[in-house]
Amino acid sequence: MEFECPQRGALGIPLIPTPPEGEQGVKVKKEEREEVSPVMGSLFNHTLLNTATFILLGVPGLEAAHLWLAVPLSAMYSIALLGNVIIVTVIWTDSALHEPMYHFLCVLAAVDIVMSTSVTPKILTIFWSGNGIIGFAACFTQMYIIHATTAVETGLLLAMAFDRYIAICKPLHYQTILTPRTMIGMGMGIIARAVTAMTPMTWMVVHLPYCASHEIPHSYCEHMAVAKLACADHMPSSLYSLIVSFIIVGTDVTFIATSYTLILRAVFRLPSRDARVKALSTCGSHVSVMVLYYLPAMVSIYMAWLGEDIVPLHTQVLLADFYLVIPPMLNPLIYGLKTKRIRERVWNALANSLPDHICQNSAKEKRPIRVFVMEHGKSTWGAQAQK
């Protein structure tokens with residue numbers, strides 16, 4: 001059965017045709033309108049709901065486990081939010097941490113907050129209450145934020161790897177290479193690359209006609225899941241997304257791997273064993289974060305192309321959901337709390353927030369005591385500090 005897609009307005013939203021007033025300009029009688037108003041009103045409301053909104057289904061096939069999935073997701077989101085807020089606050093307020101490495105870390109924490117917050121509250125709403133309705137504009141805005149922040153984050157990981165390379169391999173030139181002007185240029189370049197790459201993809205998806213089902217088999221407005229709902233060829237936008245993600249991620253991973261290879265070569269040349277162990281520990285934690293970030297991202301992208309015949313749909317959705325929460329949760333723990341200067345500032349802030357009597361008891365100065373000493377029949381007074 002063939003049907004004609006309705007005309008679309010802004011953001012690709014199909015427009016509801018206005019019912020005619022009657023033939024030859026004659027208005028429909030009031031009585032006739034009253035007779036059809038209940039049916040037409042119900043039909044109008046149903047059509048308006050379907051054409052102005054999408055419906056997120058959560059994790060298809062695991063609807064019975066939504067409440068159980070909400071518990072670990074809530075915990076991870078809370079840890080990610082708290083940890084990244086602490087990192088941003090400590091670096092922003094402490095002038096001693098206004099250095100290139102900490103600036104990159106502060107921006108990374110802010111991006112993690114935006115990325116996880118753009119999807120997690122809506123996912124939890126679906127898991128807790130089953131309300132998956134999301135407007136067209138909100139859906140495409142969420143899609144753009146997700147893809148733009150992931151592109152910014154991979155650029156920041158590359159910038160941080162470059163920072164570590166300069167600090168370890170060229171320490172004498174650190175201040176002359178990573179100047180404030182250079183850092184601003186790197187930041188603007190990262191943002192410009194993300195905007196330039198993701199704007200055309202979102203534009204192509206927005207302008208697809210959606211005149212069939214509006215139920216998205218996903219927990220958020222993931223690009224492939226939304227594009228497949230279009231009643232037109234979605235292959236150009238999907239192919240563009242695959243090529244752009246491959247170029248961005250492939251380029252960044254190549255340069256990151258090169259940076260850490262050079263770092264490891266420099267580390268193994270250090271004469272001190274303790275210095276080598278410390279450098280390897282730091283580099284190992286950084287590499288672990290990058291593996292946890294890039295591997296699920298690439299697996300999620302290519303699983304969407306492979307289809308449900310090879311990878312179950314609920315596995316794809318779960319991997320995509322936790323991929324947007326787990327790295328933001330681990331970044332402040334590995335990048336922040338493993339950094340000695342940040343760890344000391346966080347600990348001092350926590351110590352200062354404790355009740356006064358606890359601090360006084362723990363830092364109470366111990367008074368000297370007098371000891372009476374008898375020596376050769378002479379009495380002397382001495383003061384000995386108690387250890």
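Residues numbered from 1 in each chain as written. Predicted model: local features only at pLDDT ≥ 70, side-chain atom pairs only at ≥ 80, totals over all residues. Heavy atoms only, no water.

Some words on the packing of aromatic side chains
Quick note on the threshold: Between 30 and 60 degrees the pair is tilted, below 30 it is stacked and above 60 it is edge-to-face, where a pair is any two Phe, Tyr or Trp rings, Trp via its six-membered ring, whose centres lie within 6.5 Å. The way it works is that DSSP assigns letters per residue, a run of H or I at least four long becomes a helix, a run of E at least two long becomes a strand, and they are numbered from the N terminus. Residue burial is assigned from relative accessible area. The probe radius is 1.4 Å, only protein chains are included, and a residue is buried under 20% of its type maximum, exposed over 50%, and partly exposed in between.
Here the structure, examined in full by the defined rule, presents 6 aromatic pairs. Note on Phe-54 and Phe-136: the rings are 4.4 Å apart at their centroids and 10 degrees apart in plane angle, and the pair reads as stacked. Within this pair, whereas Phe-54 is found in strand β1 (residues 53-56), its partner Phe-136 is found in helix α5 (residues 136-169), the two being separated by 82 residues in sequence. The pair Phe-54 / Phe-136 is uniform in exposure class, with both members buried. Taking the centre distance of 5.5 Å and the plane angle of 90 degrees together, the rings of Phe-54 and Tyr-210 count as edge-to-face. Highlighted residues: Phe-54 in strand β1 and Tyr-210 in the loop between α7 (180-206) and β3 (215-216), separated in sequence by 156 residues.

Re the pattern of salt bridges
Rule in force here: What counts as a salt bridge is simple: a side-chain nitrogen of Lys or Arg found within 4 Å of a carboxyl oxygen of Asp or Glu.
Enumeration according to the criterion identifies 2 salt bridges in this entry. Across the pair Arg-164 and Asp-163 runs a salt bridge whose closest N-O atoms are separated by 2.7 Å. One exposure class covers both Arg-164 and Asp-163, and it is buried. Arg-193 is the partner of Asp-252 in a salt bridge, and the nearest nitrogen-oxygen pair spans 2.9 Å. Residue Asp-252 is located in helix α9 (residues 235-267), and its partner Arg-193 is located in helix α7; the two are separated by 59 residues in the primary sequence. Given the relative accessible area of 1%, Asp-252 is considered buried.

Quick look at the confidence of the model for the chain
For clarity, the threshold we go by: Scored between 0 and 100, pLDDT is the confidence that the predictor attaches to each residue. Here a residue-residue contact requires only that any non-hydrogen atoms of the pair lie within 4.5 Å.
Confidence in the prediction for the chain averages 75 pLDDT; 74% of positions are at 70 or higher. In the predicted structure, residues 1-50 sits below a pLDDT of 50 and forms 41 contacts with residues beyond four places in sequence or in another chain. In this model, residues 357-387 is a region of pLDDT below 50 whose contacts with residues beyond four sequence positions or in other chains number 19 contacts.

Quick look at the packing of α7 against α9
Stated formally: The axes are straight lines fitted to the C-alpha atoms, using for helices just the contacting stretch, and the angles between their N-to-C directions are given from 0 to 180°. Orientation is classified from the angle alone, with under 35 degrees giving roughly parallel, over 145 giving roughly antiparallel, 65 to 115 giving roughly perpendicular, and any other angle giving oblique. Helix crossings get a hand from a simple test, with the near helix turned counterclockwise from the far one by less than a right angle marking a left-handed crossing and a clockwise turn marking a right-handed one.
Packing of α7 against α9 leaves a shortest axis separation of 9 Å and a crossing angle of 165 degrees. The angle between α7 and α9 places the two elements in the roughly antiparallel class. Regarding α7 and α9, the two cross each other, and that crossing is left-handed. In contact with Arg-193, Thr-196, Ala-197, Met-198, Pro-200, Met-201, Met-204 and Val-205 of α7, α9 contributes Pro-236, Ser-237, Tyr-240, Ser-241, Val-244, Ile-248 and Asp-252.

Looking at the sheet that holds β3
Formally: Think of it this way: DSSP has to see at least two bridges between two strands before they count as a pair.
Pairing is mixed in the open sheet, where 3 strands are placed in the order β2-β1-β3. At either margin of the open sheet sits one strand with a lone partner, and together these are β2 (133-135) and β3. Judged from the 3 bridges that link them, β1 and β2 form a sheet pairing that is antiparallel. The residue of β2 that forms the bridge with Phe-54 is Ile-134. Against the sheet, α5 touches β1, β2 and β3, its axis set at about 85 degrees to β2.

Comments concerning the state of the cysteines
Disulfide: a covalent bond formed between the sulfur atoms of two cysteine residues. Convention followed: The term disulfide is used for any two cysteine sulfur atoms that are within 2.5 Å.
Overall, the coordinates contain 2 disulfides when judged by the stated rule. Here Cys-139 pairs with Cys-221 through a disulfide, and the sulfurs are 2.0 Å apart. Handedness of the Cys-139-Cys-221 disulfide follows from its S-S torsion of about -125 degrees: it is left-handed. Taken as a pair, Cys-139 in helix α5 and Cys-221 in the loop between β3 and α8 (223-227) lie far apart in primary sequence, 82 residues in all. Each of the two residues, Cys-139 as well as Cys-221, counts as buried. Between Cys-211 and Cys-231 runs a disulfide, and the two sulfur atoms are separated by 2.2 Å. When the S-S torsion is 115 degrees, as for the bridge of Cys-211 with Cys-231, the disulfide is right-handed. With a gap of 20 residues between them, Cys-211 in the loop between α7 and β3 and Cys-231 in the loop between α8 and α9 connect regions that are remote in the sequence.

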